[in-house]
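These are the residues of each chain, in order.
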Amino acid sequence: KIAIICGGPSAERGISLNSARSVYDNLDKDKYDVSLIYFNTKLDAFSISETQIYSNTPMDFDFKLKDSDLKLSKEQLEEKLRNVDVAFPAIHGLFGEDGQLQTMLENLGVKYVGSGPEACRITSDKHLCQEVLVKQGFHRVQDWVIKKGDTPPELPEGKYVVKPLHGGSSIGVHLFTNSKE
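Remember, predicted model here, so these are calculated numbers, not experimental data.

Side note on the state of the cysteines
Applying the stated criterion to the full structure yields zero disulfides. We note that Cys120 lacks a disulfide partner, and the nearest cysteine sulfur, in Cys129, lies 11 Å from it.

Structure representation (structure tokens):
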């Protein structure tokens with residue numbers, strides 16, 4: 001019994017649905033009893049069907065589920081998860097890759113695919129991950145963490161990349177050549 005967990009609160013929900021579809025499509029249904037659990041942006045959980053996983057967009061998906069009777073209570077979600085042999089987290093970004101989902105699964109005693117909560121927490125924070133890699137002898141380019149309202153450092157002309165501290169590798173990425181930009 002496998003539970004594929006998808007959706008989530010991040011801008012990467014569409015990618016998550018694609019990942020869940022890919023895993024689902026490639027599992028032998030004669031060998032595995034597969035269930036699908038979808039989390040919306042508010043982290044409400046829904047038990048969804050095979051046909052529902054093929055909705056067009058996350059917004060379409062959320063609209064269709066909004067008034068459905070597929071929403072799981074906390075107790076129903078916990079029971080559903082405890083009754084699987086393994087969970088396959090397919091949630092990208094916040095909640096799925098930052099250790100929160102893994103912590104929930106571990107607290108329920110559910111086996112799952114992937115890294116544990118602490119590794120997820122560290123690697124989801126781009127700066128913290130870089131710090132860990134440097135301590136292990138890896139080299140990196142200079143980086144800065146700039147919070148909203150902070151004045152960025154003066155930078156010489158060059159090529160730079162700015163991206164959110166948390167989130168996918170292509171979400172919120174901007175290229176610039178000087179501090180003013």
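Let's pick the thread back up.
Looking at the environment of Gln136
With respect to the element layout, Gln136 can be found in the loop between α6 (126–135) and β6 (160–162). Remark: the alpha-carbon pair of Gln136 and Arg21, spanning 115 residues in sequence, is separated by 36 Å.

Description of helix α5 (residues 117–124)
For α5, the set of buried residues is Pro117, Cys120, Ile122 and Ser124. Those residues of α5 hidden inside the fold are in contact with α4 (100–107) and α6.

Focus on helix α1 (residues 13–26)
Between its first and last C-alpha atoms α1 spans 20 Å; for 14 residues at 1.5 Å apiece the expected length is 20 Å, and the two agree. When α1 is considered as a whole, its buried residues turn out to be Arg13, Ser16, Leu17, Ala20, Arg21, Val23 and Tyr24. End-on view of α1: buried residues confined to an arc of 165°, all on one side of the axis. Lining the buried residues of α1 we find β1 (2–7), β2 (34–39), α2 (58–66) and β5 (86–89).

Side note on the packing of aromatic side chains
Within the structure shown, the criterion is met by two aromatic pairs. Seen from the ring of Tyr24, Lys29 lies directly overhead, with NZ or CZ sitting 4.1 Å from the centre.

Observations regarding the environment of Ile4
Residue position: Ile4 is located in strand β1. With 86 residues separating them in the primary sequence, Ile4 and Ala90 have C-alpha atoms 6.7 Å apart.

Calculation notes
In every chain, residue numbers begin from 1 and rise along the written sequence. Reporting in this predicted model follows two pLDDT cut-offs: at least 70 for local features of residues, and 80 or more for side-chain atom pairs to be given and counted; totals over whole chains, interfaces and linings ignore these cut-offs and use all residues. Remark: hydrogens and water are excluded; side-chain values derive from all non-hydrogen atoms of the structure. Only a pair of cysteine sulfur atoms within 2.5 Å counts as a disulfide in this structure description. Secondary structure counts use DSSP, requiring at least four H or I residues in a row for a helix and at least two E residues in a row for a strand, with both numbered from the N terminus. Exposure classes here rest on a 1.4 Å probe applied to the protein chains alone. A residue is buried below 20% of its type maximum, exposed above 50%, and partly exposed in between. Whether two residues touch is decided by their heavy atoms; if any such pair falls within 4.5 Å, the residues are in contact. Expected helix span is given by 1.5 Å per residue-to-residue step, counting one fewer step than there are residues. What the arc covers is the set of directions going from the helix axis to the C-beta atoms. Only centres within 6.5 Å qualify two rings of Phe, Tyr or Trp (six-membered ring in Trp) as a pair; their planes then separate them into stacked at under 30 degrees, edge-to-face at over 60, and tilted for everything else. Both a distance and an angle decide whether a charge sits over a ring: NZ of Lys or CZ of Arg must be within 6 Å of the ring centre and within 35 degrees of the ring normal.

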